[in-house]
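Descriptive structure summary
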Amino acid sequence: MIYFDNAATSFPKPVAVIEAVVAALKAPASPGRSGHTPSLEASRTVHRARKAVTKIFGLSDNSRLVFTPNVSWAINAALSGLGLERGDHVLSGALEHNSTARPLARLVKEIGLDWEVVPPRDGAMVASDFAARLRPQTKLVVLNHASNVSGALAPALEIKEVVGEIPLLLDAAQTAGAIPMTDYGSKIDLLAFTGHKGLQGPTGTGGLWVRPGLELRPLAVGGSGSRSESLEHPDFLPDALETGTANTHGLAGLAAGVEWVLATGVEAIRAREEQLTTNFLEKVAGIDGIQLFGPGLGGGQRVSTVSFNLSGWSSSDLAAALEKNYGIMARAGLHCAPLTHQHLGTFPGGSVRFSFGPQNTVSEVIIAADALNELALARRN
Amino acid sequence: MDVAEIILVFSSNTKILNAEDLLEEKNLPFILVPVPKEVNPNCGLAISFLESDRDLILPVLEAADLMPAAAYRRAGDLFSVWPLVH
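Residues numbered from 1 in each chain as written. Chains lettered and ligands numbered in written order. Predicted model: local features only at pLDDT ≥ 70, side-chain atom pairs only at ≥ 80, totals over all residues. Heavy atoms only, no water.

Residue and element names in this part refer to chain B. Those residues of helix α2 (residues 54–63) that sit buried are Arg54, Ile57, Leu58, Val60 and Leu61. Seen end-on, α2 carries its buried residues on one side only, within an arc spanning 165 degrees. Turned more than 90 degrees away from the buried face of α2 sit Asp55 and Ala63, all of them exposed. Close packing links the buried residues of α2 with β1 (5–9), α1 (13–25) and β3 (45–50). In the stretch just after α2, Asp65 is the one whose phi turns positive, near 55 degrees. (Buried < 20%, exposed > 50% of the residue type's maximum accessible area, 1.4 Å probe, protein only. Helix = DSSP H or I, 4+ residues; strand = E, 2+ residues; numbered from the N terminus. Arc of directions from axis to C-beta. Contact = heavy atoms within 4.5 Å.)

Here it is in structure tokens:
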């Protein structure tokens, strides 16, 4: 199998991740709930994950890093917790995933939020376009750090600089572990991430960084292991936003995944994925009938996700042929990002997406490029 | 005479684990114990050390902004509130 769907979930997971999850499953897991030794060990496991993620984002206070089941939950926790009201103005990028677009659309419908989408230029977000749209009513800026369709990387730190004190909620689903981010913790107000993509952990893991000074109303309240005597949910982080027993087994794997990323080096991962992406774009550029979306060779910042269509093929048929004939796993369709496809002009048919990971090889990329060439010829003849 | 033990109770599990990391890193004498039910109904952990080690432990926690929410002195079965500031 050639696995090019790392934007959906990374594969294969590092061996250390598998071993960490198995080890955690072999022990009682009730972090922060009891005074006995296995409970303490479970707490240490969760804490190890917290420290690892704190390091990769350069966060100043690990107690303000909240674990959630996934990045969608983290984004919802931020959007619903900020206390946005009717008439409040929120800016977002145009390349948002449904994990952001749907909660924003719901707030528009339910509370009368004024949500404005900043259009892209040549498929990319531009900081000055955010600055130009700020109003006195602007309460939040939301940004997908990298498109899960085209791979276009948004200038998040530049955008934060131009929006000033207005909080920026960054969706780092496609960038955490894939690009160096140790300088983000000191600048980004709300940073939502998933654990099972670039951070190499299991599904069911993710989280949200909440910068000091920002308070969020919890999306859910309940058990926390702290202040058991009170019927009021704790108001301190991370407990305030971590309701119910933590996913200790998953977080054991996340800790190992992030430690693997840190040991491998985010810069080294970035360089490898850039090489794979460049090789792919160079190899397929000459294929008759291929249409590539997103930043091209030497054309703007990107991550290792590429989208394309091939004339004569629907995106779903092409992805199916890639799997059936060549064992290549790709994702076809709209990728939970209809807004992005509208901007790319690929709505509703979608595109085929390859997303390379640190364990892919150049030879796999060459096999895939040759496969696309053959499939292009097959439909032309 | 019994040696008095000091029990530090923190507001969150994360804080106590950060305190554990810090005190371990500095090789200071302490242990983690279940929070005594005599002083606090919570189900978490506390840091315990000998009263005579006060000046080793507290300045380190204070410098790291990891002061406990409450502190207690235990002598045998007797617990009393222990002032964090002299």
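So, about the packing of helix α3 (residues 71–81) of chain A against helix α4 (residues 98–111) of chain A. Residue and element names in this part refer to chain A. As a packed pair, α3 and α4 sit with axes 9 Å apart at the nearest point and diverge in direction by 30 degrees. The orientation of α3 relative to α4 falls into the category roughly parallel. The way α3 lies across α4 gives a crossing that is right-handed. Where α3 abuts α4, its residues Ser72, Ile75, Asn76 and Leu79 lie against Ser99, Thr100, Pro103, Leu104 and Leu107. Residue classes in the contact of α3 with α4 are distributed as 5 nonpolar, 4 polar and no charged. (Axes fitted to C-alpha atoms, helices over the stretch in contact; angles between N-to-C directions. Parallel < 35°, antiparallel > 145°, perpendicular 65-115°, else oblique. Left-handed = near helix turned anticlockwise from the far one by under 90°. Nonpolar A, V, L, I, M, F, W, Y, C, P; charged D, E, K, R; others polar.)

In this structure, the largest pocket occupies an estimated 490 Å³ of space. Lining the largest pocket are 33 residues, and of these Ser226 and Asp239 of chain A together with Ser11, Ser12 and Asn13 of chain B sit closest to its centre. Taken together, the elements giving at least two residues each to the lining of the largest pocket come down to α2 (37–57) of chain A together with α1 of chain B. For the lining of the largest pocket, the residue count by class is 13 nonpolar, 14 polar and 6 charged. If you add up the space inside the second largest pocket, you get close to 320 Å³. Along the wall of the second largest pocket there are 16 residues; nearest its centre are Asp61 and Ser63 of chain A together with Lys15, Asp65 and Leu66 of chain B. Here the lining of the second largest pocket is built from residues that sort into 5 nonpolar, 7 polar and 4 charged. (1 Å grid on protein atoms, 1.4 Å probe; cavity = no way out; pocket = protein on both sides within 12 Å on 5 of 7 lines; lining within 4 Å. Points joined across faces, edges and corners; volume = space filled by probe spheres on them.)

This paragraph deals with the nonpolar core. The nonpolar side chains of a soluble globular protein tend to be buried with one another. Residues and elements named next belong to chain A. In terms of nonpolar packing, the biggest core is built from 46 residues, with Phe57, Phe67, Phe130, Leu143, Leu191 and Phe193 touching the most fellow members. Considering every element that reaches this core, the biggest residue donor is α2, with 6 residues. Looking at which domains feed residues into this core, each of domain 1 (2–8 + 266–380) and domain 2 (15–264) gives three or more. Residues Ile2, Val284, Ile287 and Ala371 belong to the second largest nonpolar core, which totals 27 residues. (Core = buried A, V, L, I, M, F, W, Y, C linked by side-chain atoms within 4.5 Å. Domains from an automatic or database assignment.)

Our next topic: the sheet that holds strand β3 (residues 89–92) of chain A. Residue and element names in this part refer to chain A. The 7 strands lie next to each other as β2-β8-β7-β6-β5-β3-β4, forming an open sheet whose pairing is mixed. Lying at the two open borders of the sheet, with one neighbouring strand each, are β2 (65–68) and β4 (114–117). When strand polarity is set aside, the average angle formed by the axes of neighbouring strands in this sheet is 20 degrees. Alignment of β3 against strand β5 (residues 138–144), held across 4 bridges, turns out to be parallel. The residue of β5 that forms the bridge with Val90 is Leu140. Sheet contacts for α3: β2, β5, β6 (168–171), β7 (190–194) and β8 (206–210); angle to β7, the most-contacted strand, approximately 160 degrees. (Pairing = 2+ DSSP bridges.)

Let us now look at the interface of chain A and chain B. Taken together, the 21 residues of chain A in the interface contact 14 residues of chain B. Between chain A and chain B, the buried area comes to about 1400 Å², and carbon and sulfur atoms account for 52% of it. When residues of chain A are sorted by the area they lose upon contact with chain B, Gly35, Leu40 and His47 of chain A head the list and together hold 29% of the total. On inspection of chain A and its partner chain B, the count reaches 2 salt bridges. Here Lys51 of chain A and Asp21 of chain B are joined by a salt bridge, their closest N and O atoms 2.9 Å apart. (Buried area = accessible area lost by both parts, 1.4 Å probe. Salt bridge = Lys/Arg side-chain N within 4 Å of Asp/Glu carboxyl O.)

All names here are of chain A. Split by domain assignment, chain A resolves into domain 1 (2–8 + 266–380) and domain 2 (15–264). Counting residues at the interface gives 32 residues for domain 1 and 30 residues for domain 2. Approximately 2400 Å² of surface area, both sides summed, lies buried where domain 1 meets domain 2, with 63% of it carried by carbon and sulfur atoms. Among the residues domain 1 hides against domain 2, the three largest losses belong to Val266, Val303 and Leu339. Together they make up 24% of the total. Run the count over domain 1 and domain 2 and you get 0 salt bridges. Taken together, domain 1 and domain 2 are joined by 10 residue pairs in polar contact (both at pLDDT 80 or more). When contributions to the side of domain 1 that touches domain 2 are tallied by element, the ones reaching two or more residues are α8 (266–284), β10 (305–310), α10 (338–344) and β13 (351–355). (Polar contact = N/O pair within 3.5 Å; in protein donor to acceptor, adjacent residues only side chain to side chain.)

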